[in-house]
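These are the residues of each chain, in order.
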Amino acid sequence: MATRLTGGCLCGEIRFAASAEPLSTLACHCADCQRYIGGAPAYQMAFKREAVAIEQGEPRRFVKTADSGDTITRLFCGACGSPLFTDLSKLPGLMIVNAGAMDDQSNFKLAAHIFAASAPHWHTFEPNIPRHDGDFPRRPATT
Ligand SMILES: [Zn+2]
Ligand SMILES: [Zn+2]
């Protein structure tokens, strides 16, 4: 059976589906993600870009240039404000989807923490999950 992982925003205006399993999962503790998500950290899934299709609605975009010089685009619902996707200029083959936007989160398995040094002191890290103080030491494969 073909993979079909569906998700959407709080108000239901935006709906999307992924046609493949995520390439990787992560919890990003960077200061921007903390603000974007409204909590810490952002649990995210990296999909091959072509595997993710927005099937209903048009997300609004907020573009910010990171300290690294990369362009980071946040996509969210303009009606209810739900954060949905993150698009990184340095990883054009990927679409980062927030785990909380998925209809079914039961299969989410966290692979790594990144920017862990920015986590608030009250965040409790799960044991046995790789933890990087900054970004991934090596970029995840995009193909
Ligand atoms: Zn919405
Ligand atoms: Zn982040």
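The shown structure was predicted, so the numbers you read here are calculated from the model rather than taken from an experiment. (Residues numbered from 1 in each chain as written. Chains lettered and ligands numbered in written order. Predicted model: local features only at pLDDT ≥ 70, side-chain atom pairs only at ≥ 80, totals over all residues.)

Asker: Whenever I open this one, the overall build of the protein chain confuses me. Can you help?
Answerer: Per the secondary structure count, the protein chain includes 1 helix and 10 strands. Helices and strands appear in the protein chain in the N-to-C order β-β-β-α-β-β-β-β-β-β-β. In summary, the protein chain has a C-alpha radius of gyration of 14 Å against a globular reference of 15 Å for 143 residues, a match within 12%. When its C-alpha atoms are laid out on the principal axes, the protein chain stretches across 35 × 35 × 30 Å. (Helix = DSSP H or I, 4+ residues; strand = E, 2+ residues; numbered from the N terminus. Rg over C-alpha atoms; globule rule 2.2 N^0.38 Å.)

Asker: Before we go on, may I ask you to explain the sheet that holds strand S2 (residues 15–18) in this structure?
Answerer: Hydrogen bonds between backbone atoms are what pair the strands of a sheet, whose relative direction is either parallel or antiparallel. Here we have 3 strands laid out as an open sheet, ordered S1-S2-S5, and antiparallel in their pairing. Each end of this open sheet is capped by a strand with a single partner; those strands are strand S1 (5–8) and strand S5 (52–56). Each strand of the sheet is rotated relative to its neighbour by a mean of 25°, with strand direction disregarded. Relative to S2, S1 is paired through 4 bridges, and the arrangement is antiparallel. Bridging from a neighbouring strand, glycine 7 pairs with phenylalanine 16 of S2. (Pairing = 2+ DSSP bridges. Axes fitted to C-alpha atoms, helices over the stretch in contact; angles between N-to-C directions.)

Asker: Even after reading the chapter, I still don't get the nonpolar core, so can you show me in this structure?
Answerer: One broad trend across soluble globular proteins is that nonpolar side chains are buried collectively. With 30 residues, the main nonpolar core has Cys28, Phe47, Leu84, Met95 and Val97 as its most contacted residues. Where this core is concerned, the elements lending two or more residues are S2, strand S3 (24–28), strand S4 (42–48), strand S7 (71–76), strand S8 (83–88) and strand S9 (94–98). (Core = buried A, V, L, I, M, F, W, Y, C linked by C-beta atoms within 7 Å. Buried ≥ 20, exposed ≤ 12 C-beta atoms within 10 Å, placed from the backbone.)

Asker: Just checking my understanding: could you explain the sheet that holds S3 for this structure?
Answerer: Pairing is mixed in the open sheet, where 7 strands are placed in the order S6-S7-S8-S9-S4-S3-S10. Edge positions in the sheet fall to strand S6 (60–65) and strand S10 (113–114), since each has one partner strand and no second.

Asker: Please explain the environment of proline 22 as it appears in this structure.
Answerer: Within the element layout of this structure, proline 22 appears in the loop between S2 and S3. Classification of proline 22 by C-beta neighbours within 10 Å gives buried; the count is 25. Between the C-alpha atoms of proline 22 and lysine 48, which are 26 residues apart in sequence, the distance is 7.3 Å. For proline 22, the residues in contact, after removing those within four places along its chain, are Met45, Ala46 and Phe47. (Contact = placed C-beta atoms within 7 Å.)

Asker: Is there a simple way to think about unusual backbone geometry in this case?
Answerer: Negative phi values dominate among residues other than glycine, just as trans dominates among peptide bonds. Put simply, alanine 40 and proline 41 share a cis peptide bond, and its omega is -5°. Residue placement: proline 41 occurs in the loop between helix H1 (31–37) and S4. Phi is positive for phenylalanine 115, which is not a glycine, with a value near 50°. By C-beta crowding, phenylalanine 115 is classed as buried, having 23 other C-beta atoms within 10 Å. Residues other than glycine seldom take positive phi values, yet asparagine 128 does so here, at roughly 70°.

Asker: Quick question: what am I supposed to make of the pairing of S8 here?
Answerer: Regular strands place side chains that alternate from one sheet face to the opposite one. Here 5 bridges tie S7 to S8, and the two strands are oriented antiparallel to one another. When the sheet's bridge partners are listed, leucine 75 is paired in S8 with phenylalanine 85. Once S7 ends, the chain turns through 6 residues before running back antiparallel as S8, passing glycine 81 with a positive phi of about 85°. Judged from the 2 bridges that link them, S8 and S9 form a sheet pairing that is antiparallel. Opposite phenylalanine 85, over in S9, you have valine 97 as the bridge partner. The turn joining S8 and S9, which pair antiparallel and follow one another in sequence, is formed by 5 residues.

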